[in-house]
Amino acid sequence: MEKSTDRPDRPLKERRTYFDSENRPVPQHRDRDERPAAPRGEGREGRPVGPDSGKPRYPHRPAADRSIDMLFGLRPIQEALNAARTLEKIYLLRGTKNSMTQEITELAKAANVPVSLVPIEKLNDLTRKNHQGAVAFVSPIDYQPLDNILAGLYEEGKTPLLLLLDRITDVRNFGSIARNAECMGVHAIVVPSRGAAQINGDALKTSAGALNIIPVCREPNLKETITFLQQSGVTVVACTEKADASLEAGSVDLTGPVAVLMGSEEDGISPEYLKLADHKLRIPMAGQIGSLNVSVASGIMLFEVLRQRLRAGA
Ligand SMILES: C[S@@+](CC[C@H](N)C(=O)[O-])C[C@H]1O[C@@H](n2cnc3c(N)ncnc32)[C@H](O)[C@@H]1O
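Residues numbered from 1 in each chain as written. Predicted model: local features only at pLDDT ≥ 70, side-chain atom pairs only at ≥ 80, totals over all residues. Heavy atoms only, no water.

### Overview of the overall build of the protein chain
Formally: Counting from the N terminus, the helices are DSSP H or I runs at least four residues long and the strands are E runs at least two residues long. Any residue under 20% of the maximum accessible area for its type is buried, any over 50% is exposed, and the rest in between are partly exposed; the area is computed with a 1.4 Å probe on protein chains only. Contacts are assigned to residue pairs that have any heavy atoms within 4.5 Å of one another. In this description, accessible areas are obtained by the Shrake-Rupley approach with a 1.4 Å probe, and a residue is regarded as covered only by the protein chains that are shown.
Of the regular secondary structure elements, the protein chain holds nine helices and ten strands. Buried residues in the protein chain amount to 50% of all 314 residues. Of the contacts made within the protein chain by residues no fewer than 6 positions apart, 80% connect residues no fewer than 24 positions apart. Surface summary for the protein chain: the accessible area is close to 15200 Å², and the carbon and sulfur share equals 49%.

Listed below in structure tokens is the structure:
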């Protein structure tokens, strides 16, 4: 059986800074150069592996008003970003150029919040014309930094199991995948900043509450994320109906640190991610339809990871 971990000694790469030396969250909109240095350990782009303080590694912010799920107008959105509120996405009126929209765009970029430039009709539909050229969707969850979660898992002696979702856009598929993930022992779900399903009330409901339990990490570039994970000793396994290797053959050891990669409903897994993956596995099928629903496929794949780990006594 192929061993799934062949890079035990590779260090975590440098990443962004998320916490100061007191373990307080650093607002993500600040210029990187203004941020305090990582307290200890290696960090990608100055992002620490995590302070060894015994305090919660990724504390939740004081409860924001979760009943407000949309913000209208430039000033409220700017203030929300400055207060490090978690936004799902921002719509700005196409063609508007002023200092406030420029600032919002920069703050959003630093906070990994996708911004779309949209026609006025879209904003009017959402807000009964009361938008001043800007609408934002407030997230019902706080996204968490992947580096800290990974470092925390290693420090706690756990074997990381992560789920990478490449552009899963259907909200209910996403919720259902989160439920599978939570039930199968996944430690964190990773989604791209752009092209992921909006996390909203429907997603929470379909997840049966899993999204309140399992951390979700929003990453600006999944290609870099895959490389970072591999350099951190995590084997990336692409789950694709196009793979030659079949899951039931049991040829891949999934008992080490593993990230399972699932592809989008429309296009599957991006070729550039497939190239990077350490293994590609296919779930055998006996019918005529070419592929399973991605939520079903994730459940089967994650069950195989759990099955191997239980057998190994993990
Ligand atoms: C609906 S499928 C994508 C089909 C898409 N039309 C394509 O061309 O790839 C969505 C995702 O579910 C997973 N999936 C579906 N069936 C699978 C199978 N038999 N084996 C492994 N993964 C599967 C893969 O991750 C796939 O990218």
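Still to come is the rest of the account.
### Section: helix α2 (residues 99-110)
The condition is simple: Multiplying 1.5 Å by the helix residue count minus one yields the expected span of that helix. Picture the helix axis, draw a direction to every C-beta atom, and the arc is the one those directions span. Polar contacts here mean pairs of N or O atoms no more than 3.5 Å apart (in protein, one a potential hydrogen donor and the other a potential acceptor; neighbouring residues in sequence count only if both atoms are side-chain atoms).
Taking 1.5 Å of rise per residue, twelve residues should cover 16 Å, and α2 covers 17 Å from first to last C-alpha, within 8% of that figure. Among the residues making up α2, those that are buried are Met 100, Thr 101, Ile 104, Leu 107 and Ala 108. Along the long axis of α2, the arc covered by the buried residues comes to 125°, so they all point the same way. In α2, the exposed positions angled more than 90 degrees off the buried face are occupied by Ser 99 and Lys 109. Those residues of α2 that are buried lie in contact with α1 (74-82), β2 (87-93) and β3 (115-118). Regarding α2, its N-cap is Asn 98, as a side-chain oxygen of that residue lies 3.2 Å from the backbone nitrogen of Met 100 further along. Just downstream of α2, Asn 112 is the residue with a positive phi angle, here 65°.

### Regarding helix α5 (residues 171-183)
The end-to-end C-alpha distance of α5 is 19 Å, a good match for the 18 Å that 13 residues give at a rise of 1.5 Å each. Among the residues of α5, Val 171, Asn 173, Phe 174, Gly 175, Ile 177, Ala 178, Asn 180 and Ala 181 are the ones counted as buried. Residues of α5 that are buried in the fold lie against β5 (161-165), β6 (188-192), α6 (201-206) and α9 (294-311). Regarding α5, its N-cap is Asp 170, as a side-chain oxygen of that residue lies 2.9 Å from the backbone nitrogen of Arg 172 further along. In the stretch just after α5, Gly 185 is the one whose phi turns positive, near 90°.

### Some details on the sheet that holds strand β1 (residues 70-72)
Heads up, the rule is: Strand pairing requires that DSSP identify at least two bridges connecting the strands. The axes are straight lines fitted to the C-alpha atoms, using for helices just the contacting stretch, and the angles between their N-to-C directions are given from 0 to 180°.
The strand order across the open sheet formed by four strands is β1-β4-β2-β3, and the pairing between neighbours is mixed. With one partner strand each, in any of the chains shown, β1 and β3 form the two edges of the open sheet. The sheet shows a mean angle of 20° between the axes of neighbouring strands, taken without regard to direction. Pairing of β1 with strand β4 (residues 134-138), which is carried by three bridges, proceeds in the antiparallel orientation. Its bridge partner being in β4, Met 70 is matched across the sheet by Phe 137. α1 rests against β1, β2 and β4 of the sheet, and its axis sits at about 145° to β2. Along the sheet face, helix α3 (residues 120-127) touches β1, β2, β3 and β4 and points at about 125° away from the line of β2.

### Focus on the domain arrangement of the protein chain
The cut-off we apply is this: What fixes the domain bounds is an automatic or database domain assignment. Computed with a 1.4 Å rolling probe, the buried area is the accessible surface lost when two parts are put together, summed over both parts. Salt bridges are identified by distance alone: a Lys or Arg side-chain nitrogen within 4 Å of an Asp or Glu carboxyl oxygen.
Each domain of the protein chain was delimited in the assignment, giving domain 1 (70-138) and domain 2 (146-312). Look at where the C-alpha atoms of domain 1 and domain 2 centre, and you get two points 30 Å apart. Facing the eleven residues of domain 1 at the interface are seven residues of domain 2. Summing both sides of the interface, domain 1 and domain 2 together bury roughly 730 Å²; the carbon and sulfur share of this comes to 32%. The three residues of domain 1 that bury the most area against domain 2 are Glu 88, Asn 112 and Pro 114, which together make up 68% of that side's buried surface. In this structure, the connection of domain 1 to domain 2 is made through zero salt bridges. Taken together, the links from domain 1 to domain 2 amount to five residue pairs in polar contact (both at pLDDT 80 or more).

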